[in-house]
Amino acid sequence: MSMSARGRGAYFKAKYGGGGSERGGRGMSGDSLPNLSPAAQNRPDMRFGNLRTRAELTNTLHRINRKPYGAYKDLLGKYVFPHGNEHPEFILSVEHVQSDAYAPPSRIRAIMPLSRTEFPPEAYSTRTRKIALCDYLTRHAHALIKKGGWDNATGGKGWAGDKGGDFSINPPSQQVLERNSCLISQREGEERMIEMRFSVGLPAAGRSILGDKAIEILNVKLPRLVQASMLWRSLDQAKLENHIKSVEDQHFMRESLDKMGLVAFIGNNSILPRESGVSQLPMTGPETISFKSPPSLEVTIITPNRGPVTGMGIPKGITVLSGGGFHGKSTLLEAIELGIYNHVPGDGRELVVTNEAVKIRAEDGRSVVSTDITPFIGVLPGGKTTEMFTSEDASGSTSMAANIQEALELGAKTLLLDEDSCATNLLIRDQRMQALIQAEPITPLVAKVQSLFKEHGVSTILVIGGCGDYLSVANLVIAMENYLPHDLTTKALQIITAYPINLSSTPKYGPIPNRIPSLPPFHTAHKGPIARSTTTIVTNMTPDIDISELGQLVETGQVRTCAEALRIISKFGERKLSMGEWVRELEGMVEREGLDGLHVDGWKVGDMVAVRGVDVLRVVNRVRGLKARNRF
């Protein structure tokens, strides 16, 4: 049957399907909790395999105590934990056992029917609410693990000393994101399940198993955590309800922007500054300044839970954010940049939303492959054309031009730029330099932003401190003073009249790329690509992928998702999807099948976090070894 006839979801299921502990299909979609009556606890189950008992888990760990580390493999499988005084009935699934004490940790899941958690149905009635609920449970479990010190591994005392013993869940950031650390199944016709996924450093002395310590983790700590994290009655219900409603309101505000003619909204009383340059926590203390919209830009959004929210609306078009140094203009832009995500209540930025926005900057030294940058850069010295510009070491101006063009290719509707991180010669070229230098192949952005908006509906928000030419093309000018915004559009018009310049805007923007990517065969690699941090992906086929300038990736789990997506795009390159089509395909897969749908090997990991398709393809564009051709 053709792929189109079966549907993309079925196509990928056929490709990635499988069973077993290591390659167990797509997370919970293949699991259905059996009747856990005493008579059924020890029988084979079609979906869960052989269900073993909690006592068998204990006996196995006693049996392999002090044996070589490899004997931990005997734990693979699923175990029924019957209802007890300290925990509900659940299943422990040991998915992966590390090869030795120095290897990446083992992976386990705690699974139970959603109905037994007693969460009210309205807590997960929509996709947005379900993501918010799972995010809250992950945060709660993470906080309990940290409080108990369970995430601290034993180390030291030489080779033969105790090692491992750490127990963890993927740590969340200030952003509320879909994660596979906590999942609620959505398979039709089956009982809905909830599961949480953990990592465990199985304890050892040297390479000898410490069975008693493993019993403490799996047979004592885990049931306590299930009791404290997965039941409605164990949680602060008012706090959980506030979390869900706050996320729902943020999602609603973001969805309201387009019909209101806005590209961004910043709610009054938001706290935009962070406590430090290396922290995403909000600033606190008496010096903290709350955001307040100027009256001329004030709009109100009626949210479903909080009711009316009033703040500053930034309309579609060209907006200049200006002001003196250290007065908050870059802080405002950063808040808008991360307004693509929902934030936890109390973050200070939970009333800041934007949609389909991409941060643009110069990236000296990045690789660029077959990207049409002719709107900005014409024929280069030596007659080299730029319709299919390729460079292993792009300059500031060519990398910035490529970043803009690639963002447009991927569907960005708002470009965010900060003068401090841009190539000046691609931002402006003043009259004196135009008179001095005639043979200039660069057309600056200031000559393109109006045609970009008129032709393609793409808005631009720029932080400008020294490039006054942008006042001539701006629809709105906002000045920040002591972290408070002021509408200076009228004053800017007066200045333009008093100090006229000869600024020519190009009537046509120019072509936007439409390329088909082809990646190295990452899907064939035994290991990798591997996310090392939010700045680097390591592969054994290409140089490391430098993503340090992609500031809208906020968690390493998002980079892990990008790494898995590289394997999918590599494996199915013969489908000849364009860059923009891959954006929609990947986002559709996650919506249909969850993040597990992006894992080529079908492993049930718990450390993947949702990421926009745009950002995945921005990673693709930075792969040294990428090939691309135009779709005509």
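In what follows, the structure referred to is the one given above.
Residues numbered from 1 in each chain as written. Predicted model: local features only at pLDDT ≥ 70, side-chain atom pairs only at ≥ 80, totals over all residues. Heavy atoms only, no water.

## Description of the environment of Leu 114
- You can see Leu 114 is positioned in helix α4 (residues 114-117).
- For Leu 114, a relative accessible area of 2% translates into the label buried.
- On a C-alpha basis, the gap between Leu 114 and Met 193 in space is 4.8 Å, while along the polypeptide they are 79 residues apart. (Helix = DSSP H or I, 4+ residues; strand = E, 2+ residues; numbered from the N terminus. Buried < 20%, exposed > 50% of the residue type's maximum accessible area, 1.4 Å probe, protein only.)

## So, the pairing of strand β3 (residues 77-81)
- The element β3 is largely enclosed, with a buried count of 5 among its 5 residues.
- With burial as the criterion, each face of β3 is covered, one bearing Gly 77, Tyr 79 and Phe 81 and the other bearing Lys 78 and Val 80.
- Two elements, β3 and strand β4 (residues 90-96), share 5 bridges in a ladder whose sense is antiparallel. Bridge pairing in β4 links Tyr 79 to Leu 92. (Pairing = 2+ DSSP bridges.)

## Observations regarding the packing of helix α15 (residues 579-593) against helix α16 (residues 613-620)
- Packing of α15 against α16 leaves a shortest axis separation of 8 Å and a crossing angle of 130 degrees. By the angle between their axes, α15 is oblique relative to α16. Every pair of crossing elements has a handedness; the one defined by α15 and α16 is right-handed. Listed contacts from α16 to Met 579, Trp 582, Val 583, Leu 586 and Glu 587 of α15 are Gly 613, Val 614, Val 616, Leu 617 and Val 620.
- Per-class residue counts for the contact of α15 with α16 are 8 nonpolar, 1 polar and 1 charged. (Axes fitted to C-alpha atoms, helices over the stretch in contact; angles between N-to-C directions. Parallel < 35°, antiparallel > 145°, perpendicular 65-115°, else oblique. Left-handed = near helix turned anticlockwise from the far one by under 90°. Contact = heavy atoms within 4.5 Å. Nonpolar A, V, L, I, M, F, W, Y, C, P; charged D, E, K, R; others polar.)

## Brief notes about the side chain of Ser 367
- Along the polypeptide, Ser 367 turns up in the loop between β19 (357-360) and β20 (368-371).
- Excluding residues that lie within four positions of it along the chain, Ser 367 makes contacts with Ser 391, Glu 392, Asn 621, Arg 622, Val 623 and Arg 624.

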